[in-house]
Amino acid sequence: MKLIIRNNAAEGSLWAAHYIAAAINAKAARTSEPFVLGLCTGSTPIGTYNELIRMVRAGEVSFKNVISFNMDEYVGLPVDHPESYHSFMHRQLFDHIDEPAANIHILDGNAADLDAECVAYEEAIAAAGGFDLFLGGVGEDGHIAFNEPFSPLCSRTRVMTLTQDTREVNARFFGGNPEAVPAQALTVGVATVLSAREVVILAFGPRKARALRDAVEGPMSHYCTLSGMQNHPAGTIVCDEAAVGELKVSSYRYFKAVEAAENRL
């Protein structure tokens, strides 16, 4: 696992966007196979999506041969609801890039059989060839996607009941009312994310500092599902100075030194 530490969220977002674009371009240069990309929602990735949009418009990268799968979706929320993840992704990314509509995959929270929807999603990911890269965020309690604390690290796509803490955090998108946040969601599992050949997790701001500390310096545990990154051969957490505030000084210096050394190569 690597930490890329930038001064602020804006700089971290730019780093992530350019890393993703470089990965897409590198695969396109060596094969005609599509690039399979995992995507997330929430306020954290918006800066990265804005830069990817700029790069597509500037001709620096293309999503024409990208197949994407989103992390999660609320159960029972209409697709056209402004806070559904379908709406979010189209508003923040898909409506502004050249990814074919047929290549976009988002879980159906209104499926008649939610369990079957989850199974079919895992099968679709496998049929696409598995993730080349998964872009995610992290919750204040260390969860990735909607894999709340104590979710199995071996979990796959499934129905999850959301904790009250998560509903309260997400209430800002629902007029400040936690009860307006759906009580359940469909989510890829921890193992689904970690099966990607590369994983990039964004963690910005002081409210992510405890989760980052637990994931980096604590044991690998279902208490902090982000800690599963410790066992990934190509996992990167992109963070800002505020998010590393609870790391040991020695840990901070180590990750800064590693990046500096790699940049000299």
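Just above, that's the structure.
Notes on the structure follow. (Residues numbered from 1 in each chain as written. Predicted model: local features only at pLDDT ≥ 70, side-chain atom pairs only at ≥ 80, totals over all residues. Heavy atoms only, no water.)

Within strand 2 (residues 35-39), 5 of the 5 residues are buried, which leaves it mostly tucked inside the rest of the structure. Across the two faces of strand 2 the burial is the same, with Phe35, Leu37 and Leu39 and Val36 and Gly38 all buried. Taking the sense of rotation as the criterion, the β-α-β connection linking strand 2, helix 2 (residues 46-57) and strand 3 (residues 66-70) turns out right-handed. Two strands pair when backbone bridges link them, and strand 2 and strand 6 (residues 133-137) are joined in this way by 2 bridges, in the parallel orientation. Along strand 6, the bridge assignment pairs Gly38 with Phe134. (Buried < 20%, exposed > 50% of the residue type's maximum accessible area, 1.4 Å probe, protein only. Helix = DSSP H or I, 4+ residues; strand = E, 2+ residues; numbered from the N terminus. Right-handed = clockwise from strand over helix to strand, strands pointing away. Pairing = 2+ DSSP bridges.)

Here we take up the packing of helix 2 against helix 3 (residues 85-92). Packing of helix 2 against helix 3 brings their axes to within 10 Å, and their N-to-C directions diverge by 45°. Judged on the interaxial angle alone, helix 3 and helix 2 are oblique. Residue-level inspection shows Ile46, Tyr49 and Ile53 of helix 2 in contact with helix 3, the latter providing Phe88, Met89 and Gln92. A class-by-class count of the residues in the contact of helix 2 with helix 3 yields 5 nonpolar, 1 polar and no charged. (Axes fitted to C-alpha atoms, helices over the stretch in contact; angles between N-to-C directions. Parallel < 35°, antiparallel > 145°, perpendicular 65-115°, else oblique. Contact = heavy atoms within 4.5 Å. Nonpolar A, V, L, I, M, F, W, Y, C, P; charged D, E, K, R; others polar.)

Further remarks concern the sheet that holds strand 10 (residues 235-240). On the basis of which strands lie adjacent, the open sheet formed by 7 strands has the order 1-10-9-6-2-3-5 and parallel pairing. On the outer flanks of this sheet lie strand 1 (2-6) and strand 5 (104-105), each paired with one strand and no other. Bridge count for strand 6 against strand 9 (residues 198-203) is 5 bridges, and the pairing is parallel. Bridging across to strand 9, Leu133 finds its partner in Glu198.

Tracing the chain through its elements places Asp141 in the loop between strand 6 and strand 7 (158-161). For Asp141, a relative accessible area of 19% translates into the label buried. Each C-alpha atom, one on Asp141 and one on Thr166, is 8.9 Å from the other, the two residues being 25 residues apart in sequence. Apart from residues lying up to four places away in sequence, Asp141 is in contact with Glu148, Pro149, Thr166, Arg210, Ala211, Tyr223 and Cys224.

To continue, consider the packing of aromatic side chains. Counted by the stated rule, this structure contains 10 aromatic pairs. With a centroid separation of 4.9 Å and 35° between ring planes, the pair formed by Tyr74 and Tyr85 is classed as tilted. Note that Tyr74 is positioned in strand 4 (residues 72-74) and Tyr85 in helix 3, a separation of 11 residues in sequence. Side by side, Tyr74 and Tyr85 carry an identical accessibility label, which is buried. Aromatic side chains Tyr254 and Phe255 sit 5.2 Å apart centroid to centroid with 75° between the ring planes, which places their arrangement in the edge-to-face category. The exposure class assigned to Tyr254 is exposed, which follows from its relative accessible area of 52%. Judged by its relative accessible area of 10%, Phe255 is buried. Three or more aromatic residues joined by ring pairs make a cluster, and in this case those are Phe69, Tyr121, Phe131 and Phe134. (Phe/Tyr/Trp six-rings, centres within 6.5 Å; stacked < 30°, edge-to-face > 60°.)

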